[in-house]
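Listed below are the residues making up each chain.
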Amino acid sequence: MALLPVLVLNSGSSSIKFSVYETGNSERHRLYEGAVDGIATDQGKFWIKDVDGKKLVDATPALPNRSVAFKLVADALNSEDFPSPKAIGHRMVCGGPTVQDNQLITPALIDEMEKYTAFAPLHTPIAIYIMREALKLFPGTPNFAILDTYFHRTMPEVVTHMPIPEEYSAMGVRRYGYHGISYESIIYQLQPNIPEKLIVAHLGNGASISAIRNGECLDTSMGLTPTGGIISGTRTGDIDPGILLFILRKIAENTESATAAADQLETVVSKRAGLLGVSELSNDMRDLREAIKQGNAKARLAVDKFTWTIAKWIGSYVAELGGLDMMVFTGGIGENDIDSRAEICAGLSALGIVLDAERNNVRGAATISAKNSPITVRVIPPAEDLIIVNHVLRLLGA
Ligand code: ADP
């Protein structure tokens with residue numbers, strides 16, 4: 001089989017990240033990775049580097065909007081300098097109730113997924129925009145939607161069903177769960193020794209935690225939207241619904257339309273809350289750790305809320321799984337913040353989770369539990385692009 005270049009696209013609010021893999025039957029070699037960053041700011045950057053880290057493109061273009069940014073990527077990858085992609089995988093956070101399988105992107109599929117942008121309002125509109133552009137700028141190349149919700153499709157109804165009137169459930173309101181591609185990549189890396197009872201904590205700017213039995217998702221902390229679950233950088237996580245009503249009524253006192261009030265509430269719970277809201281300083285763990293060293297009490301409280309909530313969630317998932325064999329930390333905080341891992345695990349020795357302080361003093365992949373810990377604790381960086389490539393190849397073959 002000739003080697004096939006596959007492009008992976010992962011778009012955020014101010015950036016478009018991408019990587020190109022060369023693939024064969026069992027080969028998966030990353031050739032290039034790159035990004036356009038600083039969209040709609042005056043600090044636009046466009047770079048592409050090869051596997052050795054050598055920058056092949058390193059530019060500071062004007063990036064007034066996403067269209068200009070994506071055209072730069074498409075023009076570069078369609079030029080003779082790079083192998084033109086034969087298939088494209090798009091990371092899609094949520095396709096709604098009707099699109100739960102990874103699949104070929106068609107205009108009709110995009111229209112269907114667009115009906116449910118409210119379920120991941122910070123992510124879906126951007127991904128959909130890039131999908132439409134990719135169909136235009138890479139004509140004839142098959143594009144595939146690879147969903148973060150796909151991994152969570154095995155959750156039982158008792159977990160996915162929300163305690164709300166049936167009419168809203170019928171509209172697709174349920175627990176979907178996110179970070180699924182990251183979770184899949186952890187299972188992939190644990191093969192062939194997948195523990196029966198596993199908890200994975202994906203702790204990045206957005207944070208979630210999943211209970212996984214024999215490699216299949218049993219429960220996950222995020223719900224209808226990525227704002228649910230554990231507290232994260234700028235998001236509340238699960239919260240007393242009465243608080244939402246209180247804030248909504250306060251906003252409504254000075255707002256003309258109900259839609260405008262709802263938009264403002266969304267900003268409060270998704271962009272102004274979490275670590276940022278409590279610390280009134282930053283959503284970035286590195287800033288908060290620095291502030292804690294300087295004696296900043298609000299930063300201390302924010303981080304304590306974060307680690308405390310995660311420890312509580314771990315406790316409930318151990319109960320749900322009926323025990324635990326392994327716990328994995330991943331995501332920017334999970335991989336790098338030694339103190340967060342120590343603080344989360346500090347109160348969990350009764351559950352059999354015992355860290356070794358010296359082993360925990362690492363960044364990146366490692367086993368960090370004590371030799372005599374009944375439960376193994378590991379740090380494993382995610383490999384999301386690789387999972388997207390695997391799905392693309394499976395779908396291409398199908
Ligand atoms: P995203 O969810 O946007 O992909 P990441 O997985 O990159 O985010 O995680 C970002 C978080 O990881 C930030 O809170 C950042 O402070 C934290 N982080 C990254 N590197 C370190 C580090 N060396 N020490 C502590 N925290 C870190």
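The paragraphs below set out a description of the structure included in this document. Not measured: the values here are computed from a predicted model.

### Side note on the nonpolar core
Argument step 1. Membership of the largest hydrophobic core comes to 39 residues, with the highest contact counts inside it found for Ile199, Leu203, Ile209, Phe306, Ile314 and Phe329.
Argument step 2. Those elements that place two or more of their residues in this core are strand 9 (197-203), strand 10 (207-213), helix 10 (285-293), helix 11 (297-321), strand 12 (326-330), helix 13 (338-346) and strand 14 (376-379).
Argument step 3. Ranked by residue count, the leading element in this core is helix 11, at 11 residues.
Argument step 4. Those residues in contact with Ile199 that lie beyond four places of it in its chain are Ile209, Ser210, Ile314, Tyr317, Val318, Leu321, Leu324, Met326, Met327 and Val328.
Argument step 5. Counting 24 residues, the second largest nonpolar core, distinct from the first, contains Phe46, Leu77, Phe82 and Phe138.

### What about helix 6 (residues 180-190)?
Argument step 1. In terms of burial, helix 6 is largely enclosed, as nine of its 11 residues are buried.
Argument step 2. Buried within helix 6 are the following residues: Gly180, Ile181, Ser182, Tyr183, Glu184, Ser185, Ile186, Ile187 and Leu190.

### So, the site of the ligand
Argument step 1. Around the ligand sit 13 residues, and of these Asn205, Asp284, Met285, Arg286 and Gly332 come closest.
Argument step 2. Backbone polar atom of Asn205 to an oxygen atom of the ligand: 3.0 Å apart, as the coordinates give it.
Argument step 3. Within the side chain of Asn336, one N or O atom sits 3.4 Å away from a nitrogen atom of the ligand.
Argument step 4. Here the ligand loses 70% of its free accessible area of 580 Å² to cover by the protein chains.
Argument step 5. When residues of the shell around the ligand are assigned to their parent elements, the largest contribution, four residues, is made by helix 12 (residues 331-336).
Argument step 6. Split by residue class, the shell around the ligand holds two nonpolar, seven polar and four charged.

### Considering the sheet that holds strand 14
Argument step 1. Sheet architecture is open: six strands sit in the order 11-10-9-12-14-13, paired in mixed fashion. On the outer flanks of this sheet lie strand 11 (216-220) and strand 13 (366-367), each paired with one strand and no other.
Argument step 2. Across seven bridges, the pairing between strand 9 and strand 10 is antiparallel. When the bridges of strand 10 are listed, Leu198 appears paired with Ile212.

### Thoughts on a nonpolar patch on the surface
Argument step 1. There is a patch of nonpolar side chains on the surface, built from Ile164, Tyr168 and Met171 and spanning about 270 Å² of accessible area.
Argument step 2. The residue Met171 is located in the loop between helix 5 (166-169) and helix 6 in this model.

### Describing the packing of helix 1 (residues 66-78) against helix 3 (residues 124-137)
Argument step 1. Two elements in contact, helix 1 and helix 3, have axes whose closest approach is 11 Å; the angle formed by their N-to-C orientations is 40°. Taken together, the axes of helix 1 and helix 3 are oblique relative to one another. Where helix 1 crosses over helix 3, the two elements pack in a sense that is right-handed. Here helix 1 contributes Arg66, Ser67, Phe70, Lys71, Ala74 and Asn78 to the contact with helix 3, which in turn contributes Ile126, Tyr129, Ile130, Glu133, Ala134 and Leu137.

How each quantity is defined
- Residues numbered from 1 in each chain as written.
- Predicted model: local features only at pLDDT ≥ 70, side-chain atom pairs only at ≥ 80, totals over all residues.
- Heavy atoms only, no water.
- Core = buried A, V, L, I, M, F, W, Y, C linked by side-chain atoms within 4.5 Å.
- Buried < 20%, exposed > 50% of the residue type's maximum accessible area, 1.4 Å probe, protein only.
- Helix = DSSP H or I, 4+ residues; strand = E, 2+ residues; numbered from the N terminus.
- Contact = heavy atoms within 4.5 Å.
- Near = heavy atom within 4 Å.
- Polar contact = N/O pair within 3.5 Å; in protein donor to acceptor, adjacent residues only side chain to side chain.
- Areas by Shrake-Rupley, 256 points an atom, 1.4 Å probe, with all protein chains shown as cover.
- Nonpolar A, V, L, I, M, F, W, Y, C, P; charged D, E, K, R; others polar.
- Pairing = 2+ DSSP bridges.
- Patch = residues over 30% accessible without salt bridge, like charges linked within 9 Å, V, L, I, M, F, W, Y side chains within 5 Å.
- Salt bridge = Lys/Arg side-chain N within 4 Å of Asp/Glu carboxyl O.
- Axes fitted to C-alpha atoms, helices over the stretch in contact; angles between N-to-C directions.
- Parallel < 35°, antiparallel > 145°, perpendicular 65-115°, else oblique.
- Left-handed = near helix turned anticlockwise from the far one by under 90°.

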